[in-house]
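Summary of the model geometry
Chain residues, written in single-letter form:
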Amino acid sequence: MNKRFPDNFLWGGATAANQLEGAFLEDGKGWSTADTALYIGKEARTQMLLGEPMTRDQVEFAMKDKKGHYPKRHGIDFYHRYKEDITLMAEMGFKTFRLSISWPRIFPNGNDQEPNEAGLAFYDAVFDECLKHGIEPLVTISHYEFPLHLALTQNGWLSRDTIDHFVRYAETLFNRYKDKVKYWLTFNEINIIGMTGYLSGGILADGIDNMLAAQYQAGHHQFLASALTVKKCHEIIPDAKIGCMLARMEAYPETCNPQDVLASVKADEMNFFYTDVQIRGEYPAYMDSFFEENGVVIDVQEGDRDILREGTVDFLSFSYYMSMVVGESKGETGGNLFGSIKNPYLKASDWGWQIDPVGLRITMKKMYQRYQVPLFIVENGLGAEDVVTEDKRIHDAYRIDYLRDHIEQIGLAIQEGVEVMGYTPWGCIDLVSASTSEMSKRYGFIYVDLDDDGKGTLERIRKDSFYWYQKVIATNGEELA
Ligand code: BGP
């Protein structure tokens, strides 16, 4: 077989602070929107839950609630166990580790005069541990959380003031970690603001008549913040690379009926809107009619267009778990962010996500054709329930199958000319689910002894996939069996 993966290919794994760290309100950390997310559980597995709007009353209740189970407050205790966890990642041969920084750990209220030194010191220690093992940190500046104070006082990203607070936060990170972190991402799955208005947008549902318009306005502010952040990153760390991050939704037409094909083209437009702005530096014309049809009027101020033009990203990172089908039929199945029509050619995970490795290659080719910038697959993986045997082994052949098939397709896309920087499967160590706050929906190579009720020893155990991935990395993707 031809050599496919470049020598500097960044193999690794991905996580997010709010699903991993725990240490809720410890060492000066402030409240985050993720800290108010209740455990939802199995009954809701195939529903889309990230987008639940929250009112002020609900948020204030969650802050006082003593009975509810809020798993994201506890994560998997990475805050106290990062050394052990990073050592295990190094044992697998990771070249990179994707993690996010919790904004309220650095600025507890989002807009404090001074950053929280204990928070900054924590990430210093994490990066030092990575670098000690030759692992490049890949840092997401904002991943599905937001300082609660700014949600309660200024309705999050709906306020233009949030741009300045965010850029100051990002600048603080760049100045502090300029010698340690060379790969950055601005907003995780920026296109999901439409579903995570509260979680990542900090927008309370109270008093908003047109939530869609609010989300696009908030999105405009995130675009500006992202562009200003990209510019700062280039100024402060000239040898760094900074990318955008898209939840890629590859949507096939249900049939060759031109109406279905048109629906898939339109689905692409709604998805690529975000990368079009962040990579090409301007709003695409196709959004004008969408905004008009939906009564969305965005407040774009003088100078905004220049900011967007001057802050385009260096690469396109994306998550890919599944493909979707669009068309006239109504047959729904589950999905990480949106439901879809069932694809009769594909199997689905226990959560109803349609497993489609070839779809990953299709989507990579499509994105590279559209933008000609390097791609980075920063999330992919299979959420599944694992069983621990009596001799403490986890035989997760289903996960190996899923990952092998996807890596195979990445290799083929590279052979076919697509430029790819790296691959970081999601939840390389088991962590709390973003959508349902379950622990039993596991993605990791490393098992964490913790259940949905928050009980367990937190012991880390290597799964079969751990040894498999170790071999994949050691052979630079040549040996996938
Ligand atoms: C992505 C998010 C991640 C993550 C993943 C899996 O959309 O960026 O944070 O958790 O989906 O989703 P879940 O945890 O709901 O299974």
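In this report, the structure presented in the accompanying data block is examined. Fair warning: this is a prediction, and the values are worked out from it, not measured in the lab.

A look at the site of the ligand
Neighbouring the ligand are 14 residues, the closest being Glu189, Ala434, Ser435, Lys441 and Tyr443. One nitrogen or oxygen atom from the side chain of Gln19 is found 2.8 Å from an oxygen atom belonging to the ligand. In the environment of the ligand, an oxygen atom lies 2.6 Å from a nitrogen or oxygen atom belonging to the side chain of Glu189. In isolation the ligand has 380 Å² of accessible area, and contact with the protein removes 99% of it.

Digging into the layout of surface pockets
Empty space among the atoms can be located by rolling a probe the size of a water molecule over them. Looking at the largest pocket, its volume works out to about 570 Å³. In terms of lining residues, the largest pocket is bounded by 23 residues, among which Tyr216, Lys266, Ala267, Met270 and Asn271 are the most central. Put simply, the parts of the chain that give the lining of the largest pocket at least two residues each are helix 8 (211-236), helix 9 (258-280) and helix 10 (286-293). In terms of residues, the lining of the largest pocket owes the most to one element, helix 9, which gives 7 residues. Looking at side-chain class alone, the lining of the largest pocket contains 15 nonpolar, 5 polar and 3 charged residues.

Quick notes on the pairing of strand 11 (residues 375-379)
Strand 11 sits mainly inside the fold: 5 of its 5 residues count as buried. As paired elements, strand 11 and strand 12 (residues 420-423) share 3 bridges and run parallel to each other. Paired with Leu375 across the bridge in strand 12 is Val420. With respect to chirality, the unit in which strand 11 leads through helix 13 (residues 397-415) into the neighbouring parallel strand 12 is right-handed.

Calculation rules
- Residues numbered from 1 in each chain as written.
- Predicted model: local features only at pLDDT ≥ 70, side-chain atom pairs only at ≥ 80, totals over all residues.
- Heavy atoms only, no water.
- Near = heavy atom within 4 Å.
- Polar contact = N/O pair within 3.5 Å; in protein donor to acceptor, adjacent residues only side chain to side chain.
- Areas by Shrake-Rupley, 256 points an atom, 1.4 Å probe, with all protein chains shown as cover.
- 1 Å grid on protein atoms, 1.4 Å probe; cavity = no way out; pocket = protein on both sides within 12 Å on 5 of 7 lines; lining within 4 Å.
- Points joined across faces, edges and corners; volume = space filled by probe spheres on them.
- Helix = DSSP H or I, 4+ residues; strand = E, 2+ residues; numbered from the N terminus.
- Nonpolar A, V, L, I, M, F, W, Y, C, P; charged D, E, K, R; others polar.
- Buried < 20%, exposed > 50% of the residue type's maximum accessible area, 1.4 Å probe, protein only.
- Pairing = 2+ DSSP bridges.
- Right-handed = clockwise from strand over helix to strand, strands pointing away.

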